[in-house]
Amino acid sequence: MVKKQASGSELQLLKTHIREKNPERLYIFFGEETFLLEHYLGSLKKLVLDALTESFNFHRMNSETFDLQTFADAVENLPMMAEHTLVQVDDVDPFKLPESDRNKLAEIFSDVPEYCTVVFTYLTISWKPDKRLKKLWDAISKHGSIVEFRKQDQRDLVAWVTRHFAAEGKRISTDLCGYLIDITGGTMTALS
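Just so it is clear, the model here is predicted, and its values are computed rather than measured.

With that out of the way, let us pick up the environment of E64. Its place among the elements puts E64 in the loop between strand 2 (58-62) and helix 4 (68-76). For the pair E64 and V92, spaced 28 residues apart in sequence, the C-alpha separation works out to 8.8 Å.

The next thing to look at is the pattern of salt bridges. Taken as a whole and assessed by the stated rule, the structure comprises six salt bridges. A salt bridge links R132 to D130, with the shortest nitrogen-to-oxygen separation between them at 2.9 Å. Here E148 ties to R150 by a salt bridge, and the two come within 3.3 Å at their closest N and O atoms.

Quick look at the packing of aromatic side chains now. Throughout the structure, instances matching the rule amount to eleven aromatic pairs. Between F30 and W127, the ring centres sit 6.3 Å apart and the planes meet at 40°, which makes this aromatic pair tilted. Residue F30 is located in strand 1 (residues 26-30), and its partner W127 is located in the loop between strand 4 (116-122) and helix 6 (134-143); the two are separated by 97 residues in the primary sequence. Like F30, the residue W127 is buried in the burial classification. Judged by centre distance (6.4 Å) and plane angle (85°), the ring pair of F71 and F109 falls under edge-to-face. Placement of the pair is F71 in helix 4 and F109 in helix 5 (residues 99-110), with a sequence separation of 38 residues. Using a relative accessible area of 0% as the deciding quantity, one classes F71 as buried. Here the aromatic residues Y27, F29, Y40 and F149 are joined through ring pairs into a cluster of three or more. Above the face of the F58 ring, K45 is positioned so that its terminal group lies 4.1 Å from the ring centre.

A separate point is a nonpolar patch on the surface. A cluster of nonpolar side chains, namely F56, M80 and M81, defines an oily patch on the protein surface of about 330 Å² accessible area. Within the secondary structure, M81 sits in the loop between helix 4 and strand 3 (85-90).

Where helix 1 (residues 9-19) meets helix 2 (residues 34-48), the axes come as close as 10 Å, and the angle between the chain directions of the two elements is 25°. Relative to helix 2, helix 1 is oriented roughly parallel. The crossing of helix 1 and helix 2 is left-handed. Residues L11, L14, K15, H17 and I18 of helix 1 touch helix 2, and the partners they reach there are Y40, S43, L44 and L47. Its residues placed into classes, the contact of helix 1 with helix 2 shows six nonpolar, two polar and one charged.

Take the sheet that holds strand 2 next. Spatial strand order, 2-3-4-1-5: five strands in an open sheet with parallel pairing. In the strand order of this sheet, the two ends are held by strand 2 and strand 5 (145-148), each with one partner. Across this sheet, the average inter-strand angle for adjacent strands is 15°, counted without regard to direction. Where helix 2 meets the sheet, it contacts strand 1, strand 2, strand 3 and strand 4, and its direction lies at approximately 165° from that of strand 4.

What follows concerns the side chain of N57. Counting through the fold element by element, N57 comes out in helix 3 (residues 54-57). Judged by its relative accessible area of 1%, N57 is buried. Within the structure, N57 has its side chain in polar contact with the backbone nitrogen of M80 (distance 2.7 Å). The residues touching N57, leaving out its near neighbours within four places in the chain, are L49, L78, P79, M80, A82, H84, T85 and L86.

A few words now on helix 2. End to end, helix 2 covers 21 Å across 15 residues, agreeing with the expected 21 Å (1.5 Å per residue, within 8%). Within helix 2, the full set of buried residues consists of L36, L37, Y40, L41, S43, L44 and V48. Summarising the axial view, the buried residues of helix 2 lie within an arc of 160°, below the 170-degree limit, and thus occupy one face. Considering only its buried residues, helix 2 is in contact with helix 1, strand 1, strand 3, strand 4 and helix 9 (188-191).

Cut-offs applied
Residues numbered from 1 in each chain as written. Predicted model: local features only at pLDDT ≥ 70, side-chain atom pairs only at ≥ 80, totals over all residues. Heavy atoms only, no water. Helix = DSSP H or I, 4+ residues; strand = E, 2+ residues; numbered from the N terminus. Salt bridge = Lys/Arg side-chain N within 4 Å of Asp/Glu carboxyl O. Phe/Tyr/Trp six-rings, centres within 6.5 Å; stacked < 30°, edge-to-face > 60°. Buried < 20%, exposed > 50% of the residue type's maximum accessible area, 1.4 Å probe, protein only. Lys NZ or Arg CZ within 6 Å of the ring centre and 35° of its normal. Patch = residues over 30% accessible without salt bridge, like charges linked within 9 Å, V, L, I, M, F, W, Y side chains within 5 Å. Areas by Shrake-Rupley, 256 points an atom, 1.4 Å probe, with all protein chains shown as cover. Axes fitted to C-alpha atoms, helices over the stretch in contact; angles between N-to-C directions. Parallel < 35°, antiparallel > 145°, perpendicular 65-115°, else oblique. Left-handed = near helix turned anticlockwise from the far one by under 90°. Contact = heavy atoms within 4.5 Å. Nonpolar A, V, L, I, M, F, W, Y, C, P; charged D, E, K, R; others polar. Pairing = 2+ DSSP bridges. Polar contact = N/O pair within 3.5 Å; in protein donor to acceptor, adjacent residues only side chain to side chain. Expected span 1.5 Å × (residues − 1). Arc of directions from axis to C-beta.

Next comes the structure, spelled out in structure tokens:
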């Protein structure tokens, strides 16, 4: 299903999935650039969910509300009055679960239904896969897309800032863009 990608190409692959309206069944979203992570998560939600049926077909869990059985049920739930469901899990480290839960999770990841997209997001904790836990790691790497949202380089940020200024009918010089990027730390979240 998902092929191993070279560094940086997983984001390009995600863009292609969204553009072609053909999402994968499992995504892992992590990285320093939370602005991009939230942007593409929003794009994925718009793609697979309908505003009228979102309350039936969108299931969200976090480290406090995550329960393996509830997660399994959410993945298996048929879409109601729609074609797709989305299950979002925030800041849950599957590698720190007990062994029986990890094995069950590996089974779920290996068999996510066609109508469901599962997204694990990491905003407050780091994504640190433990490749020694082979069964779970194999399920994630074979059946999922692992997308890292890296901090953008100066050139990309200058172009991004310039586009945002232009959208507001304003102009900004490259030097001023560079200064703005330097004083904000260079993350898109701070710049926005």
